[in-house]
Amino acid sequence: MSSENARNKFLKDCETLIKAIHANKGTKVDEAIRRQSKDGEISSSEPWCELRHYLGRLHSYREAAEVIVASTERWPKLFEDFTVVSVQSSRHMRKPIPKSELTAADIIRNMIPEEEDPRPYLSQVEVMQKLGLDKLIQDQVRRQSFRPYVHAEVLVHGHLLRRGISHPRNYWNGWKYIGSSKPTCRLCYYYFNAHQDNVHVRNSHLNLYPNWRLPDVFENEGPDAIRRQIQLMENITENVRNDAKRTLEEKRPLGKRHDSNTHSALPEYLNLSDSSSVMGSVSQARMSTSRDGHRELSTIREGSCCSLDPNEASDGSDDEGGGVPVFCR
């Protein structure tokens with residue numbers, strides 16, 4: 001079989017599979033998969049969770065096509081006379097922690113303010129150290145791939161700010177929104193939540209990735225830019241500290257097994273007749289306040305039947321690309 005024939009067969013098979021998944025929606029088979037992914041022991045339901053997730057991801061291709069078609073009818077000018085600008089990926093910085101014998105106790109002592117007693121957290125960490133927490137930390141620090149870079153949404157935001165694009169009038173239809181193919185990670189969420197530019201992004205899955213960093217700020221940008229960067233870092237750091245404390249207290253980390261949603265759907269606002277109410281639907285942030293006052297997305301566990309295994313070690317790799325296309329008017 002020639003490469004062209006093989007390619008056509010592959011695409012045809014993909015089309016057939018996606019049609020089958022779409023036709024399966026709401027059937028007894030679909031209900032059985034949902035039931036199996038929620039009921040029973042974790043060890044037995046996990047394969048069903050994975051099946052449900054990947055069926056949902058495959059079906060999202062069809063739904064993405066439907067969204068594009070509906071958008072061309074709703075906002076035809078969005079698809080006229082546009083330019084695709086490629087934003088270069090950020091450079092990977094050097095390993096931020098050269099020390100290889102870092103322990104959980106070291107981290108606790110560094111993150112707890114002097115006026116706060118670290119002993120309750122140290123005692124909680126001691127239990128986790130017996131389960132190999134220190135080794136997980138040291139393995140992460142030693143990884144050659146531990147070289148943080150700027151994530152896509154933050155990269156686009158920095159690209160726009162450097163070109164003076166910050167007012168809503170500079171955005172299409174006045175909507176200050178940066179879109180992405182996946183929900184934002186936790187640190188990107190903290191970045192946009194703290195940034196004074198007040199631009200909207202997708203809801204977060206609240207997963208953490210070690211290879212994350214802020215965009216560069218240079219001396220020629222002036223002392224105000226450096227000061228804002230420091231304030232931004234302090235705000236993000238404070239949120240991470242609160243997360244660490246809460247995780248130790250509750251013994252349950254926030255996040256999802258996958259960095260993509262299991263289910264997608266055609267947004268309701270594409271069927272609205274009044275376009276003036278669309279941005280209110282898009283930008284409405286559904287947040288709740290936890291006990292420590294930290295804002296969390298109330299949608300974090302929607303559509304997720306598998307919780308993150310706290311004993312599951314990350315391989316340290318991010319599958320989020322650095323460079324992304326930007327659509328400019």
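Scroll up for the structure.
Reference entry: report on the structure contained in this document. A quick note: this is a predicted structure, and the numbers were derived from the prediction, not measured.

Attention now moves to a nonpolar patch on the surface. On the surface, Ile68, Leu78, Phe79, Phe82 and Val84 cluster together into a nonpolar patch covering about 410 Å² of accessible area. Within the secondary structure layout, Leu78 lies in the loop between α3 (42-74) and β1 (83-87). Judged by relative accessible area, Leu78 falls into the partly exposed class, the value being 31%.

This next bit is on the nonpolar core. Most often, soluble globular proteins keep nonpolar side chains buried together rather than apart. Val154, Ile178, Tyr191, Phe192, Trp212 and Ile236 are the most contacted members of the largest nonpolar core, which totals 23 residues. Within the residue set of this core, elements represented by two or more residues are α7 (152-162), α8 (186-194) and α9 (223-250). For this core, the element with the highest residue contribution is α8, accounting for six residues. Of all hydrophobic cores here, the second largest spans 10 residues; its members include Ala104, Ile112, Tyr121 and Val141.

Those residues of helix α4 (residues 104-111) that fall on the buried side of the exposure criterion are Ala104, Ala105, Ile108 and Met111. The arc that holds the buried residues of α4, viewed along the axis, is 135°, so those residues lie on one side. In this structure, the buried residues of α4 make contact with α5 (119-129), α6 (133-142) and α9.

Quick look at the packing of aromatic side chains now. Evaluated as defined, the whole model comprises five aromatic pairs. For the pair Trp75 and Trp175, a centre-to-centre distance of 5.5 Å together with 85° between the ring planes defines the contact as edge-to-face. In this pair, Trp75 is assigned in the loop between α3 and β1 and Trp175 in the loop between α7 and α8, connecting sequence segments 100 residues apart. Given the relative accessible area of 16%, Trp175 is considered buried.

In the Ramachandran plot, Asn198 falls in the positive-phi region, its phi being about 60° despite a non-glycine side chain. Mapped onto the fold, Asn198 is located in the loop between α8 and α9. Residue Asn198 is classed as exposed on the basis of its relative accessible area, which comes to 54%.

Right, let's get into the pattern of salt bridges. Tallied over the full model, the rule gives 17 salt bridges. The partner of Glu101 in a salt bridge is Arg142, and the shortest N-O contact between them spans 3.1 Å. Here Glu101, found in the loop between β1 and α4, pairs with Arg142, found in helix α6; they are 41 residues apart in sequence, far enough to count as distant. For Glu101, a relative accessible area of 47% puts it in the partly exposed group. Judged by its relative accessible area of 38%, Arg142 is partly exposed. Put simply, Arg213 and Asp216 hold a salt bridge, and the shortest N to O gap is 2.9 Å.

Calculation criteria
Residues numbered from 1 in each chain as written. Predicted model: local features only at pLDDT ≥ 70, side-chain atom pairs only at ≥ 80, totals over all residues. Heavy atoms only, no water. Patch = residues over 30% accessible without salt bridge, like charges linked within 9 Å, V, L, I, M, F, W, Y side chains within 5 Å. Areas by Shrake-Rupley, 256 points an atom, 1.4 Å probe, with all protein chains shown as cover. Salt bridge = Lys/Arg side-chain N within 4 Å of Asp/Glu carboxyl O. Helix = DSSP H or I, 4+ residues; strand = E, 2+ residues; numbered from the N terminus. Buried < 20%, exposed > 50% of the residue type's maximum accessible area, 1.4 Å probe, protein only. Core = buried A, V, L, I, M, F, W, Y, C linked by side-chain atoms within 4.5 Å. Arc of directions from axis to C-beta. Contact = heavy atoms within 4.5 Å. Phe/Tyr/Trp six-rings, centres within 6.5 Å; stacked < 30°, edge-to-face > 60°.

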